[in-house]
Amino acid sequence: PTAVFPLSCTVQNYPWGKMGLSSEVAKLVASSDPLVQIQPDQPYAELWMGAHPRGDAIILDNRIPQTTLGQWIADNPACLGAKVKDTFQGHLPFLFKVLSVNTALSIQAHPNKELAAKLHTQFPEHYPDDNHKPEMAIALTPFEGLCGFRPVEEIVSFLQNVPELRALIGEVAAEQLERSGSNDPRGVSAALRVCFTRLMKSEKKFFVDQLNMLVKRISQEVAEGKDTSTSNGDLLLRLHSQYPGDIGCFTIYFLNLVQLEPGEAMFLGANEPHAYLYGDCVECMACSDNTVRAGLTPKFIDVLTLCEMLNYTPAPSSSKIFPAVQSQLDPSIYLYDPPVPDFAVMKIEIPASIKLYLVSAVDSASILLVIQGTAVGTSTAAASEMTLRRGSVVFISANESISLHLSSPEGMLLFRACCLL
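Residues numbered from 1 in each chain as written. Predicted model: local features only at pLDDT ≥ 70, side-chain atom pairs only at ≥ 80, totals over all residues. Heavy atoms only, no water.

A word on the nonpolar core
Taken as a class, soluble globular proteins show a tendency for nonpolar side chains to be buried jointly.
Item 1. The biggest cluster of nonpolar side chains holds 71 residues, and the ones touching the most others in it are Phe96, Phe395 and Leu404.
Item 2. Shared between two domains, this core holds at least three residues of each, these being domain 1 (146-322) and domain 2 (325-418).
Item 3. Once residues lying within four places of it in the same chain are set aside, the contact partners of leucine 404 are Ile350, Lys355, Leu356, Tyr357, Val359, Ala375, Val376, Gly377, Leu388, Met412 and Leu414.
Item 4. By size, the runner-up hydrophobic cluster in this structure holds 55 residues, among which are Val156, Ala173, Tyr243 and Val303. (Core = buried A, V, L, I, M, F, W, Y, C linked by side-chain atoms within 4.5 Å. Buried < 20%, exposed > 50% of the residue type's maximum accessible area, 1.4 Å probe, protein only. Domains from an automatic or database assignment. Contact = heavy atoms within 4.5 Å.)

What follows is the structure in structure tokens.
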């Protein structure tokens, strides 16, 4: 029976996505299917590769009776691998994506399992399921995001250089953070929680006035050719132009700016505050839609829940870069294996000198995405040979492999999402 097959995946046209063919998502889709018309004035934000009900991939093999990957897995749960099937109740535990970010995504955090279950019971219209949602982003182009709380000395420096920020937080909370000593991490976290909560819960009229004053002051300083880095001026003006009057603009003084080069990753565990700002990445996450938002968004925001749940441990931005480990068995593979059971991602870089490459079997269903290069793929579990090119996506059942017969002079770059229990 066929257990390896190509997929046609769902595109999400969220307004924050890059437009037309400036989007990596659009480029991949256009390359994989020449019949697709890319609209130049339409945002191409996300490509969903998986069996999520809101974006279930279509099977591109007319000999398979099921239409979508989700239906096929439901009928063939053994394809997940025995351990994965048992652990995740017969469901594919991850959703694999490509993101093309043009304007900032909302400031958000994802709940842990316990909080997700509670939120889902209390507010099912805002929290659609009871699962946690750890996620990992791997840059395809230079990628930037806000992630986790900055070291306290950086936040204190902003409190001293940005009077509008200090006004919102209040003197008492600001001094509490300034006095908190590095020898008392719990005291630091408590002070940080008070400051951040004061900011996020400040009165709308008051924070809009302060934000306008700040933007005006920084704009004048820029016009006079002054250095505005002590007020994080460039990023403030950029976010304010995208979301004028939004409280999220002030979070840049609390959260790390993380800049990833292609191939670098960040892992976002439960309760880690984050917002992607710009760039293209592949992302893998546990299969959930639970997001607690509090700014840089027109969507439902839940400031109280967010401020309660966050991890208030300060750390430098360099600590947010998640390392890939080169495989001992196959030097073409770099493994990104985060501290959660739901997913792992392999980056496979096949050099131009290799003309035959085996995508080896793992004891888990996996999804393979081609970023660069072309090959013909053959598998004993595939109905026929498959042409793999930029943008191709293939589902590989547990314990099946694919032989790639490379036809491109430049080698290949692939990403493969799986579950390594």
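Some remarks on the UniProt feature "domain: Phosphomannose isomerase type I helical insertion" (unreviewed entry) in the protein
Item 1. UniProt feature "domain: Phosphomannose isomerase type I helical insertion" (unreviewed entry): in the numbering of this structure it lies at residues 168-255.
Item 2. The straight-line gap between the two end C-alpha atoms of residues 168-255 is 17 Å; of that span, 65% is helix and 1% is strand. (UniProt positions renumbered as here; feature names shortened; annotations may be inferred. Helix = DSSP H or I, 4+ residues; strand = E, 2+ residues; numbered from the N terminus.)

Let's talk about the packing of helix H9 (residues 204-223) against helix H10 (residues 233-242)
Item 1. With their axes 10 Å apart at the nearest point, H9 and H10 run at an angle of 125° to one another. The orientation of H9 with respect to H10, classified from their angle, is oblique. Between H9 and H10 the crossing geometry is left-handed. Side by side, H9 and H10 meet where Leu211, Asn212, Leu214, Val215, Ile218, Ser219 and Val222 of the first sit next to Gly233, Leu236, Leu237 and His240 of the second.
Item 2. Here the contact of H9 with H10 is composed, by residue class, of seven nonpolar, four polar and no charged. (Axes fitted to C-alpha atoms, helices over the stretch in contact; angles between N-to-C directions. Parallel < 35°, antiparallel > 145°, perpendicular 65-115°, else oblique. Left-handed = near helix turned anticlockwise from the far one by under 90°. Nonpolar A, V, L, I, M, F, W, Y, C, P; charged D, E, K, R; others polar.)

Notes on the environment of leucine 177
Item 1. Note on placement: leucine 177 falls in helix H7 (residues 171-179).
Item 2. Note: C-alpha distance between leucine 177 and serine 366 (189 residues apart in sequence) is 46 Å.
Item 3. When sequence neighbours within four positions are dropped, the list of residues in contact with leucine 177 reads Val152, Ile155, Val156, Leu159, Val188, Ala191, Leu192 and Cys195.

Thoughts on the side chain of aspartate 129
Item 1. Within the secondary structure, aspartate 129 is located in the loop between helix H4 (113-122) and strand S9 (135-139).
Item 2. Of the side chains with opposite charge, arginine 54 lies nearest to the buried aspartate 129, which makes no salt bridge, at 7.3 Å.
Item 3. Within polar-contact distance, the side chain of aspartate 129 engages the backbone nitrogen of asparagine 131 at 3.1 Å.
Item 4. The contact partners of aspartate 129, leaving out residues within four places of it in the chain, are Ala116, His120, Ser288, Asp289 and Asn290. (Lys, Arg positive; Asp, Glu negative; His and termini not counted. Salt bridge = Lys/Arg side-chain N within 4 Å of Asp/Glu carboxyl O. Polar contact = N/O pair within 3.5 Å; in protein donor to acceptor, adjacent residues only side chain to side chain.)

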